[in-house]
Amino acid sequence: MCELLGLCFNLPVRPDISFRGFRHREENNPDGWGIAFFPDESAQIIKEEISAKQSKLSKFLLDYLEIEAPIFIGHVRRASTGGISRKNTHPFNRELNGTEYVFAHNGKLNHENLELGRFKPIGETDSETAFCYLLHRIENAPTDILKSMNKNKYFDWLAERLEEINKYGSLNCIFSDGKYLLCYHDKDGYNGLCFVQRRSPYGKVKLVDEDWEVNLAEEKSPDQEWLYCCYKKTNKSRALGRF
C-alpha cells in the first residue's frame, strides 16, 4: 500500500520533522519515494525508484537547510500498476497555462476509459493517467469556475472531478498548484486519510519509529501555522481538505 504525506504552512518552513518520520513508511512501500515542494511558482521534484531509508539522498534532505516552502507533497510507493522505475514514481508534475501542478495517489484504478485530451502519461501507472485526466478537465473547465473569486466554488468543482475518477476504483490523492493543497479521501473509505493542525503554543513531538524528540516551541515561530495530512488505518468517510 502506497502512503502519502501533505504539508501546508502559512510561511515557508523546512519539512525535516515530518519527513523524518515519513521515511519509515517505506517498510511496506519499498519501490520508490518522492517529495515535491513549491519554493516559488515552480515545483521542485526529488524522487527515486528505491526505498526511502536506503536512499542516501533522502537522508541528506533531513539535514539540508536550503529546502523551505509553504507546501510539500510526499509519497512512498508499493508498485501495483507499472514497473519499478523513476517514471512510475510519485509525485507527478505537469504545467498548464503557466501553472505547475503536482499529484500523488494511493489506490488502484481501472483507468482505460479516462479521457486524457492532450495530456499523456510518461509512465505506466493508473495514478499518472488519473492526473492527466484531471488536468484535461481543468483545461476545459468553464471560465466562470476558473476565474471565480470564490475559491470554494473551484474546490467543489475539483471535488466533483475527483469523484468522477473515484468511480473507476479506489482514490486517495494529494494535489497542488503551489497556492493550495487539496486532499481527497476515497468515497468508500479506502485506507484512511487524516490531518493534524498545529498552531502556537507548540508542544513536544516524539516519533514512534525512532528514538527522536523535538520541542516545537524551540523550532517554530509563534506565527507559523502547520497543517499535516497523512494516512492511518481508519474507516472515516471521504474528506476534502482545503488549505
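In what follows, the accompanying structure is described.

Conventions and cut-offs
- Residues numbered from 1 in each chain as written.
- Predicted model: local features only at pLDDT ≥ 70, side-chain atom pairs only at ≥ 80, totals over all residues.
- Heavy atoms only, no water.
- Pairing = 2+ DSSP bridges.
- Helix = DSSP H or I, 4+ residues; strand = E, 2+ residues; numbered from the N terminus.
- Expected span 1.5 Å × (residues − 1).
- Buried < 20%, exposed > 50% of the residue type's maximum accessible area, 1.4 Å probe, protein only.
- Salt bridge = Lys/Arg side-chain N within 4 Å of Asp/Glu carboxyl O.

Digging into the pairing of strand 3 (residues 44-48)
Of the strand pairs in this sheet, strand 2 (residues 33-37) and strand 3 are connected by 5 bridges, and their pairing is antiparallel. The residue bridging glycine 34 from the neighbouring strand is lysine 47, located in strand 3. Connecting strand 2 to the antiparallel partner strand 3 that follows it, the hairpin turn spans 6 residues.

Points about helix 5 (residues 151-166)
Along its 16 residues, helix 5 runs 22 Å from first to last C-alpha, staying within 8% of the 22 Å computed at 1.5 Å per residue. Turning to helix 5, its buried residues number three or more, namely Tyr154, Phe155, Trp157, Leu158, Ala159, Arg161, Leu162, Glu164, Ile165 and Asn166.

Digging into the pattern of salt bridges
One pass over the full model with this rule turns up 8 salt bridges. Residue aspartate 144 is joined to lysine 153 by a salt bridge in which the shortest nitrogen-to-oxygen separation is 3.3 Å. A relative accessible area of 35% means that lysine 153 is categorised as partly exposed. The partner of glutamate 160 in a salt bridge is arginine 161, and the shortest N-O contact between them spans 3.7 Å. Three or more residues are tied together by salt bridges with common partners; here these are Arg137, Glu160, Arg161 and Glu164.

Notes on unusual backbone geometry
In this structure, the amide linkage connecting histidine 90 to the following residue, proline 91, adopts the cis form with an omega of -5°. Tracing the backbone through its elements, the reader meets proline 91 in the loop between strand 4 (69-76) and strand 5 (92-96). The backbone of asparagine 97 sits at a positive phi, close to 50°, despite the residue not being glycine. Its location among the elements puts asparagine 97 in the loop between strand 5 and strand 6 (99-106).

Read these as layout, nothing more, since geometry by itself doesn't imply function.
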